[in-house]
Amino acid sequence: MIKDHSKGHHDHASNHTADRSPGRGKHAGHSHTGDKHDGHHVDDFKKRFYISLIVTVPILMLSPMIQMFLGVNWRFSYDTVILFLLSSFVFFYGGAPFLTGAFRELKQKAPGMMTLISLAIVVAYVYSSLFVFGLTSADFFWELATLIVIMLLGHWLEMKSVMGASGALEELVKLIPSEAHLVTASGVTKEVAVSSLLPQQTILIKPGERVPVDGIIANGQSSVDESMLTGESVPVVKSQGDRVIGGAVNGEGALTVTVQNAGEEGYLSQVISLVKEAQESKSKTQNLSDRAAKWLFYIALAAGLITLIAWLSMGYSFDFAMQQMVTVMIIACPHALGLAVPLVVSTSTSIAAKKGLLIRNRTAFEEARKLNAVVFDKTGTLTQGKFGITDIYPAADFTENELLSLVGALEAQSEHPISKGVVEEVKKRGITLSRPESFEAMTGKGLKGIVDGKDVKVVSPGYMNQENIPYSTEDYRRLSSEGKTVVFAIIDDRFAGMIALADQVRESAKNAIDKLKNLGIQAMMLTGDNKQVAEWVGSKLELDEIYAEVLPHQKANKIAEIQIGGYRAAMTGDGVNDAPALAKADLGVAVGAGTDVAIETADVILVRSDPEDVVSIVELSKKTYSKMIQNLWWATGYNIVAIPLAAGVLYGAGILLNPALGAVLMSLSTIVVAINAKLLKV
């Protein structure tokens, strides 16, 4: 469907008759927070962390091993009982998310981080509890408490960085009014709930109101702003027989509309369904630390049992063999592994925020390092989303400034985007505007008035043809072929000139495209605007691919086609019409000046609305992933060394890693991971 943009704001009709039925598919549900955190909100982890941290302080003070480290003796009667009670609280309250998570992982036969943590805290708690009753010779209560506190901190940081339930659907629903003006058979207008509207009923849409449902105009004429829904950058003049879309904003005229699609059949409702489907169909990437934890769980279990059997077979006491087994199992769950990824995530999120990048979906952000295609929306992303004058052709009797001063005087009385573009140029040139002695908006035709005693009209090509006023058709056709909107000035009933306007290309857009190409990433454009406008913008930016006149449900499908073609694609946009595509893409990027819907659907938000920031996302993603790998190698590498030493492989050489030394090494490992995460720079 090619729309004639040359008609401009003065005679711009469009017939939206495309089939908007979204493609349906079966998609597995997806929780952005990850299965391991099911049932626990981010605030829940935060609360458990702080409470457990407070209780851990007296546990450390009461611990015989810590007192030995500090060279003090704070022992008193029944201190081990108090230590047991405090540790039991931390175990059952602070450890609850890990124990329930482990149950789910084992039920699914997929042990991961939760199972590894649970193994360590259960073994530490049971063994230490036996110490209270005099059945073992050492306790690990302080190790139990610090392990739980650090793991709660790690998971809290992780959950903060992961996008929770998206508010996109709620933002979309806000675009649909709750009430409508129903016109009854007797001609009386009454307020009814939009949900109660039925096809073939008649409703009244007043000036400035949002269209409640899809329908066909039965009477009236008005300009309708559909930019948030279709990507069309110019408000469309609608009259009898034209279709209006639920969620669009009515302009200056009153419209009587026959309801066509209501409820779930409506256009916006189908966009909502597309966003929901696309979000649910996103593939779930297993966390790197979970994969490491899975293997460490098996290693810990095997190493612990082997350690117990080996020491018993060599004739050592059960108590000694059990203590070494417990040491192995606790050491196998390193604090560093629990913080390896969250600390890098926290650091990269902070760096991103300083650069104006707000990360909402960590998994999608991490995968951005693999992108080989970036698809941009046009209006508001590659362009500024507002009109500016590109060409002025005054008649022989006028200069450019003289023409602008007369035309600008009328346009200053209008709030239309094209009027704003003319007034902006007038301001740039420092032209002083006179106040019109009279002013009138001719709906669908243009503006007219008296300025400085002259009869001035600013009109559309349709008006020129209708009134048979001669003008340079060659210049007009050339400007139109470049996708520009052309308006004509008539002064005292004579042609005085033509002015061409177009959506202004962002200065940073070309730099962004060039940088992406240098990284080997294809730059594409996907827009609901017409082919002429799209090709004009595409030629200025030297884009690799241009897809024009694409409706919202087609945008999501087009992203899918690009992905099928072997690309890992990011989508960058700012409107409601971009929401399904943002959700469907491997990485959805919303420019911060865009709609709440686009922002809520996106994985990353560009606060500065600068296309160059898309390059920063890719670069930061690559460096973040590199730091994660470094930290994971360090955290698991520590285990590779510590577990055999704790098991007693070098006992014959006089080397045996006891619980105290194991705890020190574990703390050092955590410090190294933390410092390495903070060294992340972009």
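Fair warning: this is a prediction, and the values are worked out from it, not measured in the lab.

A short note on the overall build of the chain
Next, step 1: Looking only at helices and strands, the chain features 25 helices and 22 strands.
Next, step 2: Among the 682 residues that make up the chain, the fraction classed as buried is 56%.
Next, step 3: When contacts within the chain are restricted to residue pairs at least 6 apart in sequence, those whose partners lie at least 24 apart make up 71%.
Next, step 4: Of the accessible surface of the chain, which amounts to about 28200 Å², a share of 56% is contributed by carbon and sulfur atoms.

Structural notes on helix α1 (residues 42–62)
Next, step 1: Here α1 contains 21 residues, and its C-alpha end-to-end distance of 31 Å stays within 8% of the 30 Å for a straight helix at 1.5 Å per residue.
Next, step 2: The sharpest bend along α1 comes to roughly 25°, located at T56, with the proline P58 sitting one to four residues further on.
Next, step 3: Along α1, the residues classified as buried are F45, R48, F49, S52, V55, T56, I59 and L62.

Let's talk about the sheet that holds strand β12 (residues 383–394)
Whenever strands of a sheet pair, they do so through backbone hydrogen bonds, lying parallel or antiparallel.
Next, step 1: As summarised here, the arrangement of the six strands in space is β12-β17-β16-β15-β14-β13, forming an open sheet in which the pairing is antiparallel. Edge strands, defined here as strands with exactly one partner in the open sheet, are β12 and β13 (438–442). If you compare each strand with its neighbour and ignore which way they point, the axes differ by 20° on average.
Next, step 2: Bridge count for strand β14 (residues 446–451) against strand β15 (residues 454–459) is six bridges, and the pairing is antiparallel. For I450, the partnering residue across the bridge sits in β15 and is D455.
Next, step 3: Seen against the sheet, helix α20 (residues 531–541) touches β12 and β17 (494–505) and runs at an angle of roughly 60° to β17.

Here's the deal with the packing of helix α11 (residues 318–331) against helix α24 (residues 613–647)
Next, step 1: Where α11 meets α24, the axes come as close as 9 Å, and the angle between the chain directions of the two elements is 175°. For the element pair α11 / α24, the angle class is roughly antiparallel. In this structure, α11 contributes Q324, T327, V328 and I331 to the contact, and α24 contributes Y638, N639, A642, I643, A646 and A647.
Next, step 2: Across the contact of α11 with α24, the residue classes break down as seven nonpolar, three polar and no charged.

Here we look at the pattern of salt bridges
Next, step 1: In the structure shown here, the tally under the stated rule is 20 salt bridges.
Next, step 2: Residues R369 and E367 are paired through a salt bridge, measuring 3.7 Å at the closest nitrogen-oxygen approach.
Next, step 3: Among the ionic pairs, D514 bridges to K510, the shortest N-O distance being 2.9 Å. Highlighted residues: D514 and K510, both in helix α19 (residues 507–518), separated by four residues, approximately one helical turn.
Next, step 4: Here the salt bridges share partners, and the residues they tie into one network are E367, R369, K370 and R568.

A few points about the nonpolar core
Next, step 1: Membership of the largest hydrophobic core comes to 107 residues, with the highest contact counts inside it found for L116, L144, L337, L382, L541, L587 and I617.
Next, step 2: Broken down by element, this core gets its largest block of residues, 14 residues, from α24.
Next, step 3: Apart from the residues lying within four places of it in its own chain, the contact partners of I617 are L357, F365, A368, L587, V589, V604 and L606.
Next, step 4: Among the nonpolar cores identified, the runner-up in size contains 24 residues, and L403, V426, A489 and I499 belong to it.

Remarks on the environment of K206
Next, step 1: Structurally, K206 can be placed in the loop between β3 (202–205) and β4 (214–219).
Next, step 2: In this structure, the C-alpha to C-alpha distance between K206 and G253, residues 47 residues apart in sequence, is 7.1 Å.
Next, step 3: The contacts of K206, once residues within four sequence positions are left out, are H181, N250 and G253.

Cut-offs used in this document
- Residues numbered from 1 in each chain as written.
- Predicted model: local features only at pLDDT ≥ 70, side-chain atom pairs only at ≥ 80, totals over all residues.
- Heavy atoms only, no water.
- Helix = DSSP H or I, 4+ residues; strand = E, 2+ residues; numbered from the N terminus.
- Buried < 20%, exposed > 50% of the residue type's maximum accessible area, 1.4 Å probe, protein only.
- Contact = heavy atoms within 4.5 Å.
- Areas by Shrake-Rupley, 256 points an atom, 1.4 Å probe, with all protein chains shown as cover.
- Expected span 1.5 Å × (residues − 1).
- Bend = angle between axes of the 7 residues up to and from the residue.
- Pairing = 2+ DSSP bridges.
- Axes fitted to C-alpha atoms, helices over the stretch in contact; angles between N-to-C directions.
- Parallel < 35°, antiparallel > 145°, perpendicular 65-115°, else oblique.
- Nonpolar A, V, L, I, M, F, W, Y, C, P; charged D, E, K, R; others polar.
- Salt bridge = Lys/Arg side-chain N within 4 Å of Asp/Glu carboxyl O.
- Core = buried A, V, L, I, M, F, W, Y, C linked by side-chain atoms within 4.5 Å.

Scope: geometric values only; no functional claims are made or implied.
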